[in-house]
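Architecture and fold: a report
Okay, here's what each chain looks like letter by letter:
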Amino acid sequence: MLRSVKAVFGLLFILSLFALSGCDNAPESDQQEVLLQGKTMGTTFNIKVFVPQQQLPQLNLYADVTEELKKVNQSMSTYIEDSEINQFNRLSAGDVMPISSDFRAVVSESIRLGQSTKALDVTMGPLIDLWGFGPDKRPTQRPEQAELDAMLANIGVDKLVLSEQGLAKTVDGLELSFSATAKGYGIDKVAELLQSHGLSNYMVEIGGEMRISGHKPDNKPWRIAIEQPDAPPGQRKIHRVVEPGSMGVATSGDYRIFYEMDGETYTHLIDPQTGMPIKHDLVSVTVLHPSAMTADGLATALTVMGTEQAKAYAEQHNLPVYLISKTDSGLQTHASTAFKPYL
């Protein structure tokens, strides 16, 4: 499984809305809804796709999907001893490791997002562990500033060197963790698989992130519910329903994964520039993007930024983004200019 440090509970799935329309212009009566479910990357996947009846005998979608996800997990899971990512994490500084096309796609986009946002850093797994949000138990005391300073000096996407020959690091001990991008990439790979079979009406969901394509049988757009971030513990309520069209959809927030210590609340989202857990009023970020991987990474980065920086970044880059902030007077929402058509 992948190192899980991101809240992915922000999207509620209304199953009645997941009926899909036909593919390849086949009549709706000739369509068969196919549901695929299973486990991957330390979480679950749910896929709904509508397949022409005559095409069903030719397909083995479950085997194809699970094989595709197995490849992604084998490449990017820190829990698989001989995974590609663990081989890189054990690499010495200066050595160049040839990498697969999947690994290259994820590390390249992760570097791009890290450089653009300054708030997403796929090298800070050890920093996340230090704060107690990795596979180890949480700390019994706050990390010393000297520990944080030493950690910050040895992380950063600027210490990765991606070339035609492969990937290298400039400092020993640098480690990668694709918790903010790998699930989205897995979703994109499954979507590409479905498209390769001529299937264009589907929903692919892994661990709360998704990518949808097409429409419902009545040609109405799909509607996805964003979760209410201040719902009572143990309850999940709908905050707002949106119509994302054919898009990747990712929601990140700091309202579910946290702990308290010495009277302080520590969220799982860490600011890579300070090494500290974030402390601001932004509690939920939903991002739409054609790539689920990019939506996944941006949702995390914008949450780390906070409300005002996230607003500015979304407008600057023309991103469809929906923000929910918690204030003394209750929840406040903001839809970026590019998001408003989806409401």
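The structure this text deals with has already been given above.
Let me begin by describing the structure that accompanies this report. Given the structure is predicted, the values throughout are model-derived calculations rather than measurements.

With antiparallel pairing, the eight strands of this open sheet are ordered in space as β2-β3-β6-β7-β10-β13-β14-β15. At either end of the open sheet lies a strand with only one pairing partner, and these are β2 (31–40) and β15 (330–335). Geometrically, the sheet is characterised by an average inter-axis angle of 15° between neighbouring strands, direction not taken into account. Two strands pair when backbone bridges link them, and strand β13 (residues 282–289) and strand β14 (residues 321–327) are joined in this way by five bridges, in the antiparallel orientation. Bridging across to β14, Val-285 finds its partner in Leu-323.

With that settled, the discussion passes to the nonpolar core. The biggest cluster of nonpolar side chains holds 43 residues, and the ones touching the most others in it are Leu-160, Leu-176 and Phe-178. When residues of this core are traced back to their parent elements, those giving at least two are β2, β3 (43–52), α1 (61–76), α2 (84–89), α3 (101–117), α6 (182–196), β6 (202–206) and α7 (292–305). With seven residues, α6 is the largest single contributor of residues to this core. Discounting chain neighbours no more than four positions away, the residues touching Leu-160 are Phe-88, Val-107, Ile-111, Thr-123, Leu-167, Ala-168, Leu-174 and Leu-176. Ranked by size, the runner-up nonpolar core spans 23 residues in total, among them Leu-113, Ala-250, Leu-282 and Val-287.

Now for the pairing of β15. Taken together, the six bridges between β14 and β15 define a ladder with antiparallel strand orientation. Across the sheet, the residue bridging to Lys-326 is Leu-331, located in β15. The hairpin formed by β14 and β15 contains two residues between the paired strands.

Moving on, we get to the side chain of Asp-296. Looking at the secondary structure, you find Asp-296 in helix α7. Owing to a relative accessible area of 0%, Asp-296 belongs among the buried residues under this scheme.

Right, let's get into the packing of α7 against helix α8 (residues 307–316). Relative orientation of the contacting elements α7 and α8 amounts to 135°, with a least axis distance of 6 Å. As summarised for this structure, α7 and α8 are arranged oblique, according to the angle between their axes. Contacts between α7 and α8 pair Leu-298, Leu-302 and Met-305 from the former with Gln-309, Ala-310 and Tyr-313 from the latter. Each residue belonging to the contact of α7 with α8 can be placed in one class, and the counts come to five nonpolar, one polar and no charged.

What counts, and where the lines are drawn
- Residue numbers run consecutively from 1 along every chain, following the written order of its sequence.
- Local features are withheld for residues below a pLDDT of 70 in this predicted model, meaning they are given only at 70 or higher, and side-chain atom pairs are given and counted only at 80 or more; totals for whole chains, interfaces and linings count all residues.
- The basis for every side-chain value is the complete set of non-hydrogen atoms in the structure, without hydrogens or water.
- Pairing between strands requires that DSSP locate at least two bridges from one strand to the other.
- Strands here mean DSSP runs of E at least two residues long; helices mean DSSP runs of H or I at least four residues long; both are numbered from the N terminus.
- Fitted lines through C-alpha atoms serve as axes, helices being fitted only where they are in contact, and the angles separating the N-to-C directions of these axes extend from 0 to 180 degrees.
- Residues belong to one nonpolar core when they are buried, are Ala, Val, Leu, Ile, Met, Phe, Trp, Tyr or Cys, and are joined through side-chain atoms within 4.5 Å.
- Burial classification: accessible surface area is computed with a 1.4 Å probe over protein chains only, and a residue below 20% of its type maximum counts as buried, one above 50% as exposed, and the rest as partly exposed.
- By the convention used here, residues are in contact when the closest approach between their heavy atoms is within 4.5 Å.
- Any angle that is under 35 degrees is reported as roughly parallel, and any over 145 degrees as roughly antiparallel; angles of 65 to 115 degrees are reported as roughly perpendicular and all others as oblique.
- Note on residue classes: Ala, Val, Leu, Ile, Met, Phe, Trp, Tyr, Cys and Pro are nonpolar, Asp, Glu, Lys and Arg are charged, and everything else, Gly too, is polar.

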